[in-house]
Amino acid sequence: WPRQGLDIDGEALPLALVGPYLPTQDSGRPWHLDGSIDIDARVRPAGRAWQGHFNVASSEGALRTSPRSRRNVLSYSGLALDAVFDANRIDASLGLGFNGNGRIAARLRTGWDAYAPLEGEVTAATSELTWLELFSPDIVSPTGRLEADVSLSGTRAAPALGGYATLADFAAEIPSLAIAIVDGQARLDAQPDGNARISGSLGTGGEGRLAIDGSLGWRSPGAPLQLHVS
């Protein structure tokens, strides 16, 4: 690392440069990335910390299964990531449009030390859930609405989460089980003790319905997920 610091200026850098570093699809084929980003960064030593700024901007971008595919698995617009930092503090913010009419916004304020106070929040809303297919090949054509409002507090060494996330009107096909999920509802509520409560229900297209109740431990080393399904 240069003792005098580091300056980065990049304009219209193609996102395709990241493609070789992404894991391949289940078929073994690489993902296709569209779009470009601009980067402006100035970093200087400040004692045991750093000072400067880091800015990333991009008008739009998308992830597709192939160059010829007209369907975006994931897309964004108006990406703006801004961070300002000095020897005592770090302030960062993120904003972007997500998959059409969706939106993600986040902010963070903290320091360099493990005991530095932590303050932040993340809000998200989208009615386009195609990106869920990235997490499981068994989920096909997911639809619904996802909203989240999560707060961050505590310290860097012992962060605490608050807020909620909800999934409404969820539907998807699961060909491997020969079922279709309809009218799915789920909610996650963060609690002060470091756990999150999970509740919800899923319709299966017939008379049957699945009820879900459980918890997720944020602070435990393995973050155990416990679910009861009936």
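Please refer to the structure placed before this passage.
Residues numbered from 1 in each chain as written. Predicted model: local features only at pLDDT ≥ 70, side-chain atom pairs only at ≥ 80, totals over all residues. Heavy atoms only, no water.

1. So, unusual backbone geometry
Even without a glycine there, the phi angle at asparagine 99 is positive, about 45 degrees. The phi torsion at aspartate 169 lies on the positive side, around 50 degrees, for a residue other than glycine. One can find aspartate 169 in strand S9 (residues 159-174). For aspartate 169, a relative accessible area of 38% gives the class partly exposed. (Helix = DSSP H or I, 4+ residues; strand = E, 2+ residues; numbered from the N terminus. Buried < 20%, exposed > 50% of the residue type's maximum accessible area, 1.4 Å probe, protein only.)

2. Notes on the packing of aromatic side chains
The full count for this structure, using the stated rule, is three aromatic pairs. An angle of 90 degrees between the planes, with centres 6.1 Å apart, marks the rings of phenylalanine 85 and tryptophan 112 as edge-to-face. Of this pair, phenylalanine 85 sits in strand S4 (residues 72-85) while tryptophan 112 sits in the loop between strand S6 (102-110) and strand S7 (119-126), placing them 27 residues apart in sequence. Judged by relative accessible area, tryptophan 112 falls into the partly exposed class, the value being 30%. Aromatic side chains phenylalanine 98 and tryptophan 131 sit 6.0 Å apart centroid to centroid with 65 degrees between the ring planes, which places their arrangement in the edge-to-face category. With phenylalanine 98 in strand S5 (residues 90-98) and tryptophan 131 in the loop between S7 and strand S8 (140-154), this pair connects stretches of sequence that are 33 residues apart. There is no split in this pair, since phenylalanine 98 and tryptophan 131 are both buried. The rings of Phe98, Trp131 and Phe135 are connected pair by pair, giving a single aromatic cluster. (Phe/Tyr/Trp six-rings, centres within 6.5 Å; stacked < 30°, edge-to-face > 60°.)

3. Notes on the pairing of S4
In terms of strand pairing, strand S3 (residues 49-64) meets S4 through 12 bridges, oriented antiparallel. Bridged to arginine 64 within S4 is asparagine 72. With eight bridges joining them, S4 and S5 adopt antiparallel strand pairing. Note that in S5 the partner of phenylalanine 85 across the bridge is isoleucine 90. Hairpin connection from S4 to S5: four residues lie between these consecutive antiparallel strands. (Pairing = 2+ DSSP bridges.)

4. Re the layout of surface pockets
Gaps left between atoms show up when a probe the size of a water molecule is rolled over them. The calculated volume of the largest pocket comes to roughly 870 Å³. If you go around the largest pocket, you meet 38 residues; those closest to its centre are Leu132, Leu146, Ala165, Leu167 and Ala186. Those elements that provide at least two residues to the lining of the largest pocket are S7, S8, S9, strand S10 (179-190), strand S11 (195-203) and strand S13 (225-229). Sort the elements by how many residues they give to the lining of the largest pocket and S9 lands first, with 10 residues. Tallied by class, the residues present in the lining of the largest pocket amount to 28 nonpolar, eight polar and two charged. In this model, the second largest pocket occupies a volume close to 330 Å³. Considering the residues around the second largest pocket, the lining is formed by 16 residues, among which Gln25, Asp26, Trp31, Glu133 and Leu134 are closest to the centre. Class assignment for the residues of the lining of the second largest pocket results in eight nonpolar, five polar and three charged. (1 Å grid on protein atoms, 1.4 Å probe; cavity = no way out; pocket = protein on both sides within 12 Å on 5 of 7 lines; lining within 4 Å. Points joined across faces, edges and corners; volume = space filled by probe spheres on them. Nonpolar A, V, L, I, M, F, W, Y, C, P; charged D, E, K, R; others polar.)

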